[in-house]
Amino acid sequence: MATTITSETRTVFRRQGFVVIPGVLGGEQITAGRKIVTALLEQRPFADDHVGPYFLWPRFAAEGHPLLDFYRETGIGELAAQLLRSDLVVEDPNFAQVATTIPPWPHRPGGPHVDGLTPCEPDGRPGSFSLLAGVWLTDHDRSHRGNLWIWPGTHLRFGQYLVERGADALAQVEEMNPGPYPKIELGEPLQAVGPAGSVLFAHYLLAHNIGNHDGTADGRRRETVYYRLHAVGHRERWQQVVTNPLAEFRA
């Protein structure tokens, strides 16, 4: 992995809650990733007349998984660690999300959500994590092609919401807007853009949602592989982390 994250990029991440890093994957790696996704979709295909989002959630067994190998070979964890404090390392993920959007799908998201709350973890802990990594296997170089919608800066406002109510309010979805996401000032959303081979890193608390795909029926579907990444020890200190959203991240 030749890509590095600069101090300027870290500053942007801390302020807006996400960054897009272009050129992380080369052409052969993009092709390899798409082959894995195609094979998984052949095992669990969507209906012929399906349009819009279609997700797979492959879990990584003890013997491994092609998407775990892909994660390691592309250096996603090492790159993510450059956003974290220097004393923290990233655990290998234990599952991935294959996120596709089949056009045409004119839907516009009405609002955002936060991951991992419905349902919570088996022990009752909200399913928080440090960082979302989205590996783009198709181009997102223009809007309205299945791009992720993002509300910049909401990770900080969500953190303040939890300071005022306590960390356990993260799991009180009945007090939140549909999504779920708390009733805070969202601001205007934007769509994350960039070429295939880019990686999007987003803070756990950042407001986001899947976007529309205005392509034609014979156009290319959007393909992204998401990994939910935990810094070592995150599960034990999650209450501290969600009430201090920048606690795990390098200045």
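Up top you'll find the structure we're talking about.
Residues numbered from 1 in each chain as written. Predicted model: local features only at pLDDT ≥ 70, side-chain atom pairs only at ≥ 80, totals over all residues. Heavy atoms only, no water.

Digging into the nonpolar core
Then comes step 1: Formed by 40 residues in total, the largest nonpolar core has its most connected members in Leu25, Leu67, Ile76, Phe201 and Tyr227.
Then comes step 2: The element that contributes the greatest number of residues to this core is helix α2 (residues 27-43), accounting for five residues.
Then comes step 3: Not counting the four nearest positions on each side in its chain, Ile76 is found in contact with Val24, Leu25, Tyr71, Ala133, Val135, Val199 and Phe201.
Then comes step 4: Ranked by size, the runner-up nonpolar core spans 30 residues in total, among them Phe18, Ala167, Tyr181 and Tyr226. (Core = buried A, V, L, I, M, F, W, Y, C linked by side-chain atoms within 4.5 Å. Buried < 20%, exposed > 50% of the residue type's maximum accessible area, 1.4 Å probe, protein only. Helix = DSSP H or I, 4+ residues; strand = E, 2+ residues; numbered from the N terminus. Contact = heavy atoms within 4.5 Å.)

Remarks on the layout of surface pockets
Then comes step 1: Estimated volume of the largest pocket: approximately 860 Å³.
Then comes step 2: Looking at the largest pocket, it is lined by 37 residues, and the ones nearest its centre are Trp57, Phe95, Asp115, Gly116 and Arg228.
Then comes step 3: Taken together, the elements giving at least two residues each to the lining of the largest pocket come down to β3 (97-102), β8 (207-210) and β9 (222-229).
Then comes step 4: No other element matches β9, which puts four residues into the lining of the largest pocket.
Then comes step 5: The class makeup of the residues in the lining of the largest pocket is 17 nonpolar, eleven polar and nine charged.
Then comes step 6: Of the volumes computed, that of the second largest pocket is approximately 200 Å³.
Then comes step 7: What lines the second largest pocket is a set of 13 residues, among which Asp139, Arg142, Arg145, His213 and Arg220 lie closest to the centre.
Then comes step 8: In terms of residue class, the lining of the second largest pocket is built from no nonpolar, six polar and seven charged. (1 Å grid on protein atoms, 1.4 Å probe; cavity = no way out; pocket = protein on both sides within 12 Å on 5 of 7 lines; lining within 4 Å. Points joined across faces, edges and corners; volume = space filled by probe spheres on them. Nonpolar A, V, L, I, M, F, W, Y, C, P; charged D, E, K, R; others polar.)

Quick notes on the environment of Met176
Then comes step 1: Note that Met176 resides in the loop between α5 (154-165) and β6 (190-191).
Then comes step 2: Overall, Met176 belongs to the buried group, its relative accessible area being 6%.
Then comes step 3: C-alpha separation for the pair Met176 and His113, spaced 63 residues apart in sequence, amounts to 9.8 Å.
Then comes step 4: If sequence neighbours within four positions are ignored, Met176 has contacts with Leu117, Phe158, Tyr161, Ala169, Leu170, Tyr181, Pro182 and Lys183.

A few points about the sheet that holds strand β7 (residues 199-203)
Then comes step 1: Taken in spatial order, the six strands line up as β1-β7-β4-β9-β3-β2 in an open sheet, and their pairing is antiparallel. Looking along the sheet, the strands with just one partner apiece sit at the ends: β1 (18-21) and β2 (52-56). Put simply, the sheet's adjacent strands are angled 20 degrees from each other on average, direction ignored.
Then comes step 2: As judged from the four bridges shared by β1 and β7, these two strands associate in the antiparallel manner. Its bridge partner being in β7, Phe18 is matched across the sheet by Ala202.
Then comes step 3: In this fold helix α3 (residues 66-73) packs onto β3, β4 (131-136) and β9, with an angle of close to 80 degrees to the strand it touches most, β9. (Pairing = 2+ DSSP bridges. Axes fitted to C-alpha atoms, helices over the stretch in contact; angles between N-to-C directions.)

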